[in-house]
Structure formats: structure tokens, C-alpha cells
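In case you want the letters, here they are:
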Amino acid sequence: MNFNIVGYVATLIQIYQYLIIAYVLLSWLPNARESFIGEFLGKLCEPYLGIFRRIIPPLGGMIDISPIVALIALQFVGQGIIAIVDFFF
């Protein structure tokens, strides 16, 4: 049973990481964030990324490294959740 839960958690975290990467890549295309997909990804990713954007200012006024930090933090949290699930089950 524990392998099922760990697998689901790992899969959900990986999917969310891909969604964040896709959302960040959309920022490179003009008007892509105003599309249906861009707005959908924004609703999913922006609440999480907003936390890091409030803490980490853009470098040089243009380069936003907060998604990188957010992905690293998500990886750490995911590994922590997996360790807790392994411990209890």
C-alpha cells in the first residue's frame, strides 16, 4: 500500500512541476498567457509562484528566478511528504 501512495504523491508533484515549467515558458511567447491554456495554468501555478515572487525580487528588474526556487522548494516538500508516508506506512 505504501508504494501506491508514494507513487501517487511523486506523480502529482512531477505533474505540478511540469505545469510550472509550461507556465514559465508561456511567458516567453507574446500573448500566450492570455490564451485559454495560459489562463488555466495561471490559475493553477500563480498562487504557488506568488509566494516566492513576494519574497524574491527580479534580478536586474527583468530576470525572475522565483520559479527556479519554487521548483526546488516543491522538490524538497515532495521528498519530505514521501519520507513521512514511508515512515508511517
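Rules and cut-offs
Residues numbered from 1 in each chain as written. Predicted model: local features only at pLDDT ≥ 70, side-chain atom pairs only at ≥ 80, totals over all residues. Heavy atoms only, no water. Axes fitted to C-alpha atoms, helices over the stretch in contact; angles between N-to-C directions. Helix = DSSP H or I, 4+ residues; strand = E, 2+ residues; numbered from the N terminus. Left-handed = near helix turned anticlockwise from the far one by under 90°. Contact = heavy atoms within 4.5 Å. Nonpolar A, V, L, I, M, F, W, Y, C, P; charged D, E, K, R; others polar. Buried < 20%, exposed > 50% of the residue type's maximum accessible area, 1.4 Å probe, protein only. Polar contact = N/O pair within 3.5 Å; in protein donor to acceptor, adjacent residues only side chain to side chain. Core = buried A, V, L, I, M, F, W, Y, C linked by side-chain atoms within 4.5 Å. Phe/Tyr/Trp six-rings, centres within 6.5 Å; stacked < 30°, edge-to-face > 60°.

**Section: the packing of helix H2 (residues 36-55) against helix H3 (residues 66-88)**
So, step 1. Between H2 and H3, the least distance of the axes is 9 Å, while the angle of their chain directions is 115°. Like other packed secondary-structure pairs, H2 and H3 cross with a definite hand, here right-handed. Residues Tyr48, Leu49, Phe52 and Arg53 of H2 form the contact with H3, whose own contacting residues are Ser66, Pro67, Val69, Ala70, Ala73 and Leu74.
So, step 2. Of the residues in the contact of H2 with H3, the class split is eight nonpolar, one polar and one charged.

**Some remarks on the side chain of Ser66**
So, step 1. Here Ser66 lies in helix H3.
So, step 2. Judged by relative accessible area, Ser66 falls into the buried class, the value being 0%.
So, step 3. Dropping the residues within four chain positions of it, Ser66 is found in contact with Phe52, Arg53 and Ile56.

**A short note on the environment of Ile56**
So, step 1. By the secondary structure assignment, Ile56 is in the loop between H2 and H3.
So, step 2. Separated by ten residues in the primary sequence, Ile56 and Ser66 have C-alpha atoms spaced 6.1 Å apart.
So, step 3. Sequence-distant contacts of Ile56, that is, excluding residues within four places in its chain, are made with Ile65, Ser66 and Val69.

**Remarks on unusual backbone geometry**
So, step 1. Of note in the backbone geometry, Asn31 takes a positive phi value of approximately 60° without being a glycine.
So, step 2. Structurally, the position occupied by Asn31 is in the loop between helix H1 (2-26) and H2.

**Examining the side chain of Gln17**
So, step 1. Position of Gln17 relative to the elements: it lies in helix H1.
So, step 2. Owing to a relative accessible area of 15%, Gln17 belongs among the buried residues under this scheme.
So, step 3. Within the structure, the side chain of Gln17 is placed 2.6 Å from the side chain of Gln75, a separation counted as a polar contact.
So, step 4. Setting aside chain neighbours within four positions, we find Gln17 in contact with Leu71, Leu74 and Gln75.

**Concerning the nonpolar core**
Note that soluble globular proteins tend to have their nonpolar side chains buried in a common cluster.
So, step 1. Among the nonpolar cores identified, the biggest contains 16 residues, and Ile20, Tyr23, Cys45, Tyr48, Leu49, Ala70 and Leu74 are the most heavily contacted of them.
So, step 2. Looking at this core element by element, the count peaks at six residues for H1.
So, step 3. Contact partners of Leu49, with chain neighbours within four places excluded, come to Ile20, Tyr23, Pro67 and Ala70.

**Brief notes about the packing of aromatic side chains**
So, step 1. Applying the stated criterion across every chain yields a total of three aromatic pairs.
So, step 2. Ring centres of Tyr16 and Tyr48 lie 5.8 Å apart, and the angle between their planes is 70°; on these two criteria the pair is classed as edge-to-face. On the criterion of sequence distance, the pair formed by Tyr16 in helix H1 and Tyr48 in helix H2 is long-range, its members being 32 residues apart.
So, step 3. What makes Tyr48 buried here is its relative accessible area of 19%.
So, step 4. Seen in terms of ring centroids, Phe87 and Phe88 are 5.2 Å apart; in terms of plane orientation they differ by 75°. Their pairing is edge-to-face.

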